[in-house]
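Listed here are the chains, written in short residue letters.
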Amino acid sequence: MKTIIIFLIIFLISITGNPGLYSVEIKSQLPSNIFKFQNERVPLDCYNQLINKPSAIKIRIFQNKIDDIPILNVLFDFHVVYKLPIDQLFSKVLNLNEEQKVFPRIIYSKDLNPEDGLWKPHFQEIKTQFTFSFYKENFNYIFYKIPIQNSDGSFLIKWNLYDSVDEKFLYNYGSWYMEEIIIDNQKYTYIRNYINYGMKKYHFYTELATNIGGANEPISFFNALKKATQ
């Protein structure tokens with residue numbers, strides 16, 4: 001009788017609460033090999049103007065339709081320069097289990113195949129919360145992330161959308177790019193953050209809230225990354 005009870009308990013856990021179950025299912029499927037990312041530094045005559053000052057390269061927020069589905073397309077491309085070691089900065093975006101401790105808006109993050117090597121592709125589940133004045137919305141999705149160390153010593157981690165768990169995104173791409181640069185004979189790290197997503201389920205006021213407050217998101221991410229590294 002005890003044996004049967006133990007078996008039933010193990011069976012129930014396996015179908016309801018096994019934290020590795022979703023990971024196994026994900027790894028049996030092939031993710032998309034389509035990425036949109038930025039893997040280079042924006043050429044500037046002087047990078048001093050970016051030291052501790054996150055700045056926009058491009059911002060685009062507009063509505064369109066894809067296969068007759070209304071989409072809110074959002075693109076943020078920002079960069080900054082910090083006097084911090086590149087290895088320490090990049091380690092923060094490599095740690096997929098700890099992003100909720102570093103970045104605002106992220107309330108949950110989990111590496112779904114942590115047994116794979118650090119520089120292997122990883123699946124990451126993320127839950128975020130966007131709040132602006134009266135507007136508040138949660139999102140739940142899974143990224144497929146690939147970290148790369150370039151031959152020149154720079155770093156890149158790029159991602160695409162593997163699964164929009166709550167079905168709010170049609171696509172979601174992005175990247176972190178980091179490169180060590182020299183300013184006035186001292187080492188600095190150039191950082192570029194690229195985000196491009198298409199939201200297919202949104203309220204009429206989402207575009208307004210994104211236009212007004214959305215551009216603050218990359219800036220807050222940069223500031224949080226700096227704070228976590230210091």
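Everything quoted here is computed from the prediction, not taken from an experiment.

Asks: Is there a simple way to explain the overall build of the protein in this structure?
Replies: Per the secondary structure count, the protein includes five helices and eight strands. Beginning at the N terminus, the succession of helices and strands in the protein can be written as α-α-β-β-α-β-β-β-β-β-β-α-α. Within the protein, the fraction of its 230 residues that count as buried is 45%. Put simply, 61% of the contacts in the protein that link residues at least 6 apart link residues at least 24 apart. In the form shown here, the protein has an accessible surface area of approximately 12,600 Å², with 54% of it arising from carbon and sulfur atoms.

Asks: I'm lost on the packing of helix α3 (residues 86-94) against helix α5 (residues 216-229) in this one. Help?
Replies: Two quantities define a packed helix pair, namely the angle between the axes and the distance from one axis to the other. Put simply, α3 and α5 touch, their axes get as near as 10 Å, and they point 115° apart. By the criterion of interaxial angle, the relationship of α3 to α5 is roughly perpendicular. Along this stretch, α3 crosses α5, giving a crossing that reads as right-handed. Every residue of α5 that contacts α3 at Q88, L89 and K92 is listed here: L225, A228 and T229. Partitioning the contact of α3 with α5 into residue classes produces three nonpolar, two polar and one charged.

Asks: Explain α5 here, please?
Replies: Given 3.6 residues to a turn, an α-helix orients residues that are three or four positions apart in the same direction. For α5, built from 14 residues, the straight-helix expectation of 20 Å at 1.5 Å per residue is met to within 8% by its first-to-last C-alpha distance of 20 Å. If you check which residues of α5 are buried, you get E217, P218, F221, F222, A224, L225 and T229. Buried residues along α5 cover an arc of 165° about the axis, so they all sit on one side.

Asks: What's the story with the environment of I51 in this structure? I'm lost.
Replies: Topologically, I51 is positioned in the loop between α2 (21-27) and β1 (55-66). As a C-alpha pair, I51 and I183 span 132 residues in sequence and 9.8 Å in three-dimensional space. For I51, the residues in contact, after removing those within four places along its chain, are V81, I183 and Y188.

Calculation rules
- Residues numbered from 1 in each chain as written.
- Predicted model: local features only at pLDDT ≥ 70, side-chain atom pairs only at ≥ 80, totals over all residues.
- Heavy atoms only, no water.
- Helix = DSSP H or I, 4+ residues; strand = E, 2+ residues; numbered from the N terminus.
- Buried < 20%, exposed > 50% of the residue type's maximum accessible area, 1.4 Å probe, protein only.
- Contact = heavy atoms within 4.5 Å.
- Areas by Shrake-Rupley, 256 points an atom, 1.4 Å probe, with all protein chains shown as cover.
- Axes fitted to C-alpha atoms, helices over the stretch in contact; angles between N-to-C directions.
- Parallel < 35°, antiparallel > 145°, perpendicular 65-115°, else oblique.
- Left-handed = near helix turned anticlockwise from the far one by under 90°.
- Nonpolar A, V, L, I, M, F, W, Y, C, P; charged D, E, K, R; others polar.
- Expected span 1.5 Å × (residues − 1).
- Arc of directions from axis to C-beta.

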